[in-house]
Amino acid sequence: METMIHQYAFFSQVPGWAAWGSVIFLSLIFAYRGAPLWLWAIAGLAALVGFNAPAWLIITFVILALIFNVKPIRRTILSKPLMKLLDALKILPAISETEQTAIDAGTVWVEGELFSGKPNLKRLSEETYPELTEKEQEFLDGPVEELCAMVSDWEVFQRKDFSKKAWAFMKEKRFFGLIIPEKFGGYGFSANAHSQIVAKLASRCGPLATTVMVPNSLGPAELLIHYGTQEQKDYYLPRLARGDEMPCFALTEPNAGSDAGSMLSHGEVFRGDDGELYLRLNWDKRYITLAAISTVIGLAFKLTDPENLLGKGKNPGITAALIPSKTKGVELGKRHDPLGVPFYNCPTRGKDVVVPVDAIIGGKEGAGNGWRMLMESLAVGRGISLPAQSIGGARTATRAAGAYAAIRKQFGLNIGKFEGIEEPLARIGGYTYLLDAARGYICGALDKGAKPAVVTAIAKYNFTELGREIINDAMDITGGAGISLGPRNIFGHAYIATPIAITVEGANILTRTLIIFGQGAIRSHPYALKEIQALMEKDVKKFDDHFWKHIGHVVQNKIRAGLLSITRGRLARSPVKGPAAKYYRKLAWASASFAFMADIALGSYGGALKMKEKLAGRYADILSWMFLATATLRRFEAEGRRKEDIDFFIWGMDYAFHRIQTAFDEIYSEITIPGLSWIFRGPVAMWSRLNRIGKKPTDTTGHRIAQAMQIRGDQRDRITRGIYIPASRDEALGKYEYALELVENSYPVYKKLYKAIKTGEIPKGHVLKQIEPALAKGIITKEEANAVKKTEEARFDAILVDEFTLVEYNSGIASSPYSEGLKDPEFDSILF
């Protein structure tokens, strides 16, 4: 810094334009590096003296420098009046109690770096990228594989339940105790293992994955582990791990969906005739997974205590308690029908249900802490369950759609050779690589104890949205085979179920427009939350400290964004070499631009930004895709920069920055800044379009990905790792795998036949009609002829769709979840 000051003084004595150029150059360096205010003051004074400025200007500068640098003076003259003005104008958004709890829930992780405008790229590149332990891998290869083999997705949809054998196996192998510590009879698996288990189950049967993941996600076990009393843990956790208790968690109500804080379910504390404290509960809940077969209900409700018997006031607030399902007044036994997807999703009601006050999770001390418990648990759960289901589906789509494209022929060619098919194939493969990277990156953080609420909201939204695109592309590629339901259909049920994932755990519209940026702008911003808290607390000292740092932060990011844009990120230092280096530099560029524009929005709209949901959604897109790019960069490096993965990596990175560019363009065209909107809609928008941070992946990259998805081998196996692949050729995916193997092995023979057609040695026509002429002329051998016949037989079998007699179709098996349908006692629903 001392050298920089000397340079300022020296260059300021250089005459004319050179001197001014030197000052501007050094000013940019100061701003880019974030020089402190006192250093600016010293350097400015040196420049004025060096330029022989008049005395009045130097004196004025010194006075201003003292005002801005001497904190007691600054607080009195500037910060205190400014604080009153901001409070009166409501420039910064007010935060309600429930919002504060949601914001305080969890921790800030790498999203804080991305929000800073000056991310520590080295830190981002060194975050943990987890591997499974030997014990976890054994469980995946053993019980999980066995359970997948035991369950038929088609039969589950037809019978609306699993077999007794499958239920018993899940309990025996403690599938409901994945997260419960070993000392309580569970496995205590890592978030990474939990995610991989759900993903594998999802690749086999969606309802199976849901049934296993819900008890291991937000619910009684998770809440007890972190907040339960020792007595509650000792009683419930072993029973939950063994499956002796089947849990559900009741939060959503008819009038309280995404706005869970508006729930009407309530409980009242009273003293019983025996002198003990009790709760009288009334509730009306819906969309509660596993409720109809539950034995214990985790219930969220608003607690009142008219006589302050708990010593927490008359309205302790939202509370969570465990209610045995057999308690008098509890109503269970009905089901919803979520698009015909047969997982237990149910209403539950309670009328004057009385339980001891010890039913509150955490005991009496847990009263009023329910919202915090839920938000902190959701900060973790959103990053595991639905993302795992999505990646299970994505891996399956990559494997099955790739195989189908190589097997199915039209116009004499495998459809995978058509560019119209290559395009959706590339999206499927590219998304899968990118999402799997984010899955591992997030699980690594969760396993270290992080609870990054903003990142897990990013995960929930983007995994399910991209999952929707993946299944749509898979359906387009498979065509009639995708829309004809039956045991041979791999994608139909997943397509039907997709809106469910979009809706639950915070509907995607809300997650994108309110949570990711709405909460992220406050929670992850280095100063915004501290400023708001200082205003609410009327703390001038705290406000002064954070506000002026914030101003410096804005100036620094403005200069960083400009310089990084002009140099296309080259001023930033990449923590790695090789193909990833340029993308790390782009990430620094995107972060600086995002941070500056986020502050512009906060400053322009203030508290009204909450209602600018379309604008907030675009900011959420930028933050989301910066995070997904960060995770993809980490995966590529963690896996050793595999040469064979380079196309998947480049496609993912190019697509991420294309999405970032698109969101920036939309922000520039829509943001309203008093007196300055024209600058962003004109010059800034034009420069952004000319100097794009990202473009769509090239057709060449997409072509190579699509072809890689159609070729058997290590790369295809690695991209689709962790899914269930049936060994039987009677299974749909098993048929695809077998046919693909034969297509590849017999390719040289087909090449001979094609060449013979071109030379006129054999006539055009169906390949099976070409075999005899080719044999007669010695073009192929008998073994080769048999290989072609075998291949065509397998190909034909693979592309067939299911068909039913009218009696079978009208049997009523699939017509209603309440159909008497099947009488096989093996598939009777199990009531716990």
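Everything that follows concerns the structure shown earlier in this document.
Residues numbered from 1 in each chain as written. Predicted model: local features only at pLDDT ≥ 70, side-chain atom pairs only at ≥ 80, totals over all residues. Heavy atoms only, no water.

**Student:** Give a description of the nonpolar core that names residues and reports values.
**Tutor:** In this structure, Phe517, Met597, Tyr619, Phe627 and Ile671 are the most contacted members of the largest nonpolar core, which totals 123 residues. For this core, the leading source of residues is helix 25 (residues 581–605), giving 15 residues. In contact with Ile671, not counting residues within four places along its chain, are Met597, Ile600, Ala601, Tyr605, Leu615, Tyr619, Ser677, Phe680 and Arg681. Among the nonpolar cores identified, the runner-up in size contains 61 residues, and Val151, Ala193, Leu277 and Cys346 belong to it. (Core = buried A, V, L, I, M, F, W, Y, C linked by side-chain atoms within 4.5 Å. Buried < 20%, exposed > 50% of the residue type's maximum accessible area, 1.4 Å probe, protein only. Helix = DSSP H or I, 4+ residues; strand = E, 2+ residues; numbered from the N terminus. Contact = heavy atoms within 4.5 Å.)

**Student:** Provide a residue-level description of the packing of helix 31 (residues 732–745) against helix 34 (residues 782–799), including the pertinent values.
**Tutor:** Look at helix 31 against helix 34: their axes get within 9 Å of each other, and the N-to-C directions meet at 150°. In terms of axis orientation, helix 31 runs roughly antiparallel to helix 34. Where helix 31 crosses over helix 34, the handedness of that crossing is left-handed. Taken together, the residues of helix 34 that come into contact with helix 31 (itself represented by Lys735, Tyr736, Tyr738, Ala739, Leu742 and Val743) are Lys790, Thr791, Ala794, Arg795, Asp797 and Ala798. Broken down by class, the residue content of the contact of helix 31 with helix 34 amounts to seven nonpolar, one polar and four charged. (Axes fitted to C-alpha atoms, helices over the stretch in contact; angles between N-to-C directions. Parallel < 35°, antiparallel > 145°, perpendicular 65-115°, else oblique. Left-handed = near helix turned anticlockwise from the far one by under 90°. Nonpolar A, V, L, I, M, F, W, Y, C, P; charged D, E, K, R; others polar.)

**Student:** Explain the side chain of Asp153 residue by residue, including any values.
**Tutor:** Assignment of secondary structure puts Asp153 in helix 10 (residues 153–159). Although Asp153 is buried, it forms no salt bridge, and the closest oppositely charged side chain is Arg204 at an N-O distance of 7.7 Å. A polar contact is formed between the side chain of Asp153 and the side chain of His493, at a distance of 2.7 Å. Not counting residues up to four positions away in its chain, the partners in contact with Asp153 are Arg204, Cys205, Gly206, Pro207 and His493. (Lys, Arg positive; Asp, Glu negative; His and termini not counted. Salt bridge = Lys/Arg side-chain N within 4 Å of Asp/Glu carboxyl O. Polar contact = N/O pair within 3.5 Å; in protein donor to acceptor, adjacent residues only side chain to side chain.)

**Student:** Help me get a handle on a nonpolar patch on the surface, residues and values and all.
**Tutor:** A contiguous nonpolar patch, built from Leu45, Val49, Val62, Leu66, Val70, Ile73 and Ile77 and spanning about 510 Å² of accessible area, is present on the exposed surface. Secondary structure elements with two or more residues in the nonpolar patch: helix 3 (37–50), helix 4 (55–69) and helix 5 (71–89). With respect to the helices and strands, the residue Leu66 is situated in helix 4. Exposure remark for Leu66: the relative accessible area of 46% places this residue in the partly exposed category. (Patch = residues over 30% accessible without salt bridge, like charges linked within 9 Å, V, L, I, M, F, W, Y side chains within 5 Å. Areas by Shrake-Rupley, 256 points an atom, 1.4 Å probe, with all protein chains shown as cover.)

**Student:** Now, about a negative patch on the surface: what can you tell me, with residues and values included?
**Tutor:** Side chains of Glu231, Asp234, Asp273, Asp274, Glu276 and Asp358 sit close together on the surface and give a patch of like negative charge. By the secondary structure assignment, Asp274 is in the loop between strand 2 (266–271) and strand 3 (277–289). (Charge placed at Lys NZ, Arg CZ, Asp CG, Glu CD.)

**Student:** Quick rundown of helix 6 (residues 97–104)? Include the residues and the values.
**Tutor:** Taken together, the buried positions of helix 6 are occupied by Gln100, Ala102 and Ile103. Projected down its long axis, helix 6 shows its buried positions confined to an angular sector of 160°, all on one face. In this fold, the buried residues of helix 6 make contact with helix 16 (370–381), helix 22 (508–523) and helix 23 (528–537). In the segment just after helix 6, Gly106 is the residue with positive phi, at about 80°. (Arc of directions from axis to C-beta.)

**Student:** Explain the environment of Glu666 to me, and be specific about the residues and the numbers.
**Tutor:** Secondary-structure assignment places Glu666 in helix 27 (residues 646–670). Relative accessible area serves as the criterion here: at 32%, Glu666 is assigned to the partly exposed category. Separated by 64 residues in sequence, Glu666 and Leu602 place their C-alpha atoms 17 Å apart.

Shape is all these values report; function is a separate question.
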